[in-house]
Amino acid sequence: MYPKGRDTRAQDGDLSLFLKSLKRFNKMYICFSFSILDASTGTKQTMFKAYNQKFNIFSSRGYYVFCKEKTLQDNPQWLDGDTLTVVCDIQILTYPENNIAPLTKRRDQLCEDF
């Protein structure tokens, strides 16, 4: 998360958020969503969903304007003290053939990679 925005596409007061791969993938397609967890109710306030996103070597996907600072100020119930919890749900659509391993190992590896 970039609290002052990332790049020139974000304006002052914009929060940018990106999902980045820390490992090399030949080709992997995912769907993902970013949500803010409402601290008062424990419910997710889904902000963005992305479908069929391709990840390559060290790639990242996300939003230059994930949320406005003013939106956070207008929704204090999203904060627990001064902490904002962002949830990222990921669904793997395809995984490179050459990286096939037993399911538990793949799950653990994917958690480490993201």
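Predicted, not measured: the structure shown is a model, and the values here were computed from it.

Caption draft 1: Quick look at the pairing of strand β3 (residues 44-55). The pairing of strand β2 (residues 28-37) with β3 spans nine bridges and is classified as antiparallel. By the bridge assignment, I36 is partnered in β3 with Q45. Between β2 and β3, which pair antiparallel in sequence order, lie six residues; one of them, G42, sits at a positive phi of approximately 80°.

Caption draft 2: Spatial organisation of the side chain of D38. Within the element layout of this structure, D38 appears in the loop between β2 and β3. No salt bridge is formed by the buried D38. Its closest oppositely charged neighbour is K44, at 13 Å.

Caption draft 3: A look at the packing of aromatic side chains. Counted by the stated rule, this structure contains five aromatic pairs. Summarising the aromatic geometry, the rings of F48 and F66 are spaced 6.0 Å apart at their centres and angled 40° between planes, so their arrangement reads as tilted. Taken together, the residues span a long stretch of sequence, with F48 in strand β3 and F66 in strand β4 (residues 60-68) at a distance of 18 residues. A network of ring pairs unites the aromatic residues F32, F34, F48, Y63 and F66 as a single cluster.

Caption draft 4: Region of interest: the sheet that holds β3. Strand order in this open sheet of three strands is β3-β2-β7, and the pairing throughout is antiparallel. Each end of this open sheet is capped by a strand with a single partner; those strands are β3 and β7 (86-94). Within the sheet, the average angular offset between the axes of one strand and its neighbour, ignoring direction, is 15°. Pairing geometry for β2 and β7, over eight bridges, is antiparallel. Its bridge partner lying in β7, F32 is registered against I90.

Caption draft 5: Broad picture of the nonpolar core. Counting residues in each nonpolar core, the largest one holds 15 residues, and the members touching the most others are F32, F34, F66 and C67. If you list the elements that add at least two residues to this core, you get β1 (14-20), β2, β3 and β4. In terms of residue count, the dominant contributor to this core is β2 (five residues). When near neighbours in sequence (up to four residues on either side) are disregarded, F32 contacts L19, F48, K49, A50, Q53, R61, G62, Y63, C88, D89 and I90.

Conventions we followed
Residues numbered from 1 in each chain as written. Predicted model: local features only at pLDDT ≥ 70, side-chain atom pairs only at ≥ 80, totals over all residues. Heavy atoms only, no water. Pairing = 2+ DSSP bridges. Helix = DSSP H or I, 4+ residues; strand = E, 2+ residues; numbered from the N terminus. Buried < 20%, exposed > 50% of the residue type's maximum accessible area, 1.4 Å probe, protein only. Lys, Arg positive; Asp, Glu negative; His and termini not counted. Salt bridge = Lys/Arg side-chain N within 4 Å of Asp/Glu carboxyl O. Phe/Tyr/Trp six-rings, centres within 6.5 Å; stacked < 30°, edge-to-face > 60°. Axes fitted to C-alpha atoms, helices over the stretch in contact; angles between N-to-C directions. Core = buried A, V, L, I, M, F, W, Y, C linked by side-chain atoms within 4.5 Å. Contact = heavy atoms within 4.5 Å.

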